[in-house]
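Residues per chain, in single letters:
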Amino acid sequence: MEQSGALKTTLSRDTFERLRALIRKHAGIDFSEEKRYLLESRARPRLLACGVSSFEAYVRHLQRSATADELTHLLNAVTINETSFFRHPAQFEALGETFLPELIQQRRAEGTQEVRLWSAACSAGDEAYSLAILVQERLKPRFPHAAFHIVGTDINTEVLEEARAGRYRKRAIRNVPAAYLHKYFRRMNDTFLLDASVRDRVRFRALNLTDAHAMRRMRNFDVIMCANVLIYFDQKRKKQVLQSMYRSLRPGGYLFVGGSEALGEAAARFESVQEEGARAFRRPRAPSSPSAT
């Protein structure tokens, strides 16, 4: 009876606002009124899982202090995880040919071989593993002594488990060059398993980009990939996340976002850089110390 009621109930405007506020508070994601139907469809299975028959009862259930685990389940349900390997080819081409070689040389001049790459809101790992393939194919042969560290983070704990498994449907690998597909993926019925040599290059961890305390632990990165993520935050949280990412980058490091994303005043501290169809935002290098006289 409870299940039947949960299937028929709808999300009223008042309850939508309460649910929307909870999600915005804990994840920074802002569902507009036009997306009420999307939130309703994504949250509805959680009513069944919790044994409640209305969204109103579900919100009360969420607000109890003993249901912190259910908040995690809800955030897993509503976060958007549309991604694929090499989703923005121009970015990866520019990374392999221009940005990363420049950064490797810069780090070498500073006395280190370490290069740190971060795929923020990495979903099922497609982007992080694309970076790993790029490193293995294009950069390690040219810079054999460089030490690359790649991390992928996401607020959705379920997709992180998928990322660690490294198993993908055909749609996710549609942009993978044929040579890489043959070399790094093994077909298993209707899925493709990524080779361990690539999976072992990436470490995954849970992270809420709007958690300022947790973001303080993300430091000394040369590249941050954050495509099509900031569009889901309101202006206040977008500015907060960008400030955190600015601090996460080493001087001279790059932030990549989606090709059509406008950051506006929130990106005022960055330098905008355009390279062969790929746009990035660079944390300015520290000014050189004046020569001693």
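Position labels on residues start from 1 in each chain and follow its written sequence. Local features in this predicted model are restricted to residues of pLDDT 70 or higher, and side-chain atom pairs are both shown and tallied only at a pLDDT of 80 or more, whereas totals for entire chains, interfaces and linings draw on every residue. Each side-chain value is worked out from all heavy atoms of the structure, with water and hydrogens disregarded.

Engineer: How would you sum up the pairing of strand E1 (residues 114-119)? Please name residues and give values.
Structural biologist: Strands are treated as partners if at least two bridges between them are detected by DSSP. Strands are runs of DSSP state E lasting at least 2 residues, helices are runs of H or I lasting at least 4, and numbering of each runs from the N terminus. Pairing of E1 with strand E2 (residues 147-154), which is carried by six bridges, proceeds in the parallel orientation. When the bridges of E2 are listed, Ser119 appears paired with Gly152. Chirality of the crossover, the property in question, places the unit of E1, helix H7 (residues 126-139) and E2 among those that are right-handed. By convention, a crossover is right-handed whenever its connection, traced from the first strand over the helix to the second and viewed with the strands pointing away, goes clockwise.

Engineer: Tell me about the packing of helix H2 (residues 13-27) against helix H3 (residues 36-50), residues and numbers included.
Structural biologist: Here the axes come from fitting lines to C-alpha atoms, over the contacting stretch only for helices, and the angles between their N-to-C directions go from 0 to 180 degrees. Contact geometry of H2 with H3 gives a least axis separation of 11 Å together with a crossing angle of 75°. It follows that H2 is roughly perpendicular to H3 by the angle criterion. Of H3, the residues touching H2 (which contributes Arg13, Phe16, Leu19, Arg20 and Ile23) are Arg36, Leu39 and Ala43. As a working rule, the residues Ala, Val, Leu, Ile, Met, Phe, Trp, Tyr, Cys and Pro are called nonpolar, Asp, Glu, Lys and Arg charged, and the rest polar, with Gly in that last group. Partitioned by chemical class, the residues of the contact of H2 with H3 number five nonpolar, no polar and three charged. Each angle gets one of four labels, with under 35 degrees taken as roughly parallel, over 145 as roughly antiparallel, 65 to 115 as roughly perpendicular, and the rest as oblique. Two residues form a contact once any of their heavy atoms are found within 4.5 Å.

Engineer: If you had to explain the pattern of salt bridges to someone new, which residues and values would you point to?
Structural biologist: Salt-bridge detection follows one rule: a side-chain nitrogen of Lys or Arg within 4 Å of a carboxyl oxygen of Asp or Glu. Summed over all chains, the structure comprises 17 salt bridges. Among the ionic pairs, Arg20 bridges to Glu17, the shortest N-O distance being 3.4 Å. Within this pair, Arg20 and its partner Glu17 are both found in helix H2, separated by three residues, close to a single helical turn. Relative accessibility under 20% of the residue-type maximum defines a buried residue, over 50% an exposed one, and the middle range a partly exposed one, all with a 1.4 Å probe and only protein chains included. On the basis of relative accessibility, which here comes to 16%, the residue Arg20 falls in the buried class. The partly exposed category is assigned to Glu17, whose relative accessible area is 29%. Two residues, Glu40 and Arg44, come together in a salt bridge whose shortest N-O distance is 2.6 Å. In this pair, Glu40 and Arg44 both sit in helix H3, four residues apart, roughly one turn of the helix. Arg44 shares its class with Glu40; the two are buried. Salt bridges sharing common partners tie together Arg107, Glu110, Glu114, Asp222 and Arg250.

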